[in-house]
Amino acid sequence: MALSILAGRDRLSLDNGFDLRLLSALETLQARREGMELAGDDRELALCSNACLLARALERSEDRKPVFSDGQAVLAGLTAEEIAALAARWSRFSRENDPGLDLSEEALEEVKKNSVTAPASGCAGGC
C-alpha cells in the first residue's frame, strides 16, 4: 500500500526484524474473503480472518517482503495465541494511525490542504 494520506504512520516495527503495516481497503477485503474460504465453520472464522490479515500485514523490516505467502501459511507457522496477539496489536496500531471518518473539521482541512497536487504546468494557473 502506498503511504496513506490520513495515517500518522503506516508501519509499526515489532523490534524483532518484522513490521506490521496498514492495509489498503482492497487488501482488507481480500483478507476477509480469504478468511471465509479457509474457515470450515463460523467458529473458525476469526482465527482464519486474522491469519489472512497477518499474511498481508506482517513483513520483514529489512526488505519489506511478506513473511507468509497466505493465510494458510500463517496458520501453519504460528500458534493460535500468536495470531491473536499479533492481530490485536495490528488492530490497535490501525485505530491509532488511520483515523478514518472521525476526523475533526480542522484535521480534515489539514489533510485536504496537504493532499492537493501541484499544477501540471509551471504557470501556476496564470496561463
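Check the entry above for the structure.
A quick note: this is a predicted structure, and the numbers were derived from the prediction, not measured.

Cut-offs used in this document
- Residues numbered from 1 in each chain as written.
- Predicted model: local features only at pLDDT ≥ 70, side-chain atom pairs only at ≥ 80, totals over all residues.
- Heavy atoms only, no water.
- Pairing = 2+ DSSP bridges.
- Helix = DSSP H or I, 4+ residues; strand = E, 2+ residues; numbered from the N terminus.
- Axes fitted to C-alpha atoms, helices over the stretch in contact; angles between N-to-C directions.
- Left-handed = near helix turned anticlockwise from the far one by under 90°.
- Contact = heavy atoms within 4.5 Å.
- Nonpolar A, V, L, I, M, F, W, Y, C, P; charged D, E, K, R; others polar.

Description of the pairing of strand E2 (residues 18-21)
Looking at chain direction, strand E1 (residues 11-13) and E2 are connected through 3 bridges and run antiparallel. Note that in E2 the partner of Ser13 across the bridge is Asp19. Joining the antiparallel neighbours E1 and E2 is a turn of 4 residues, in which Asp15 adopts a positive phi near 60 degrees. Alignment of E2 against strand E3 (residues 58-60), held across 3 bridges, turns out to be antiparallel. Within E3, the position partnered with Leu20 by the bridge is Leu58.

Overview of the packing of helix H2 (residues 42-57) against helix H4 (residues 80-97)
When two helices pack together, their arrangement is captured by the angle between the axes and the distance separating the axes. At a minimum axis distance of 9 Å, the contact between H2 and H4 shows a crossing angle of 65 degrees. Taken as a pair, H2 and H4 cross one another with a handedness that is left-handed. Taking contact as the criterion, the partners of Leu47, Asn50, Ala51, Leu53, Leu54 and Ala57 in H2 are, on H4, Ala80, Ile83, Leu86, Ala87 and Trp90. Considering only residue class, the contact of H2 with H4 consists of 10 nonpolar, 1 polar and no charged.

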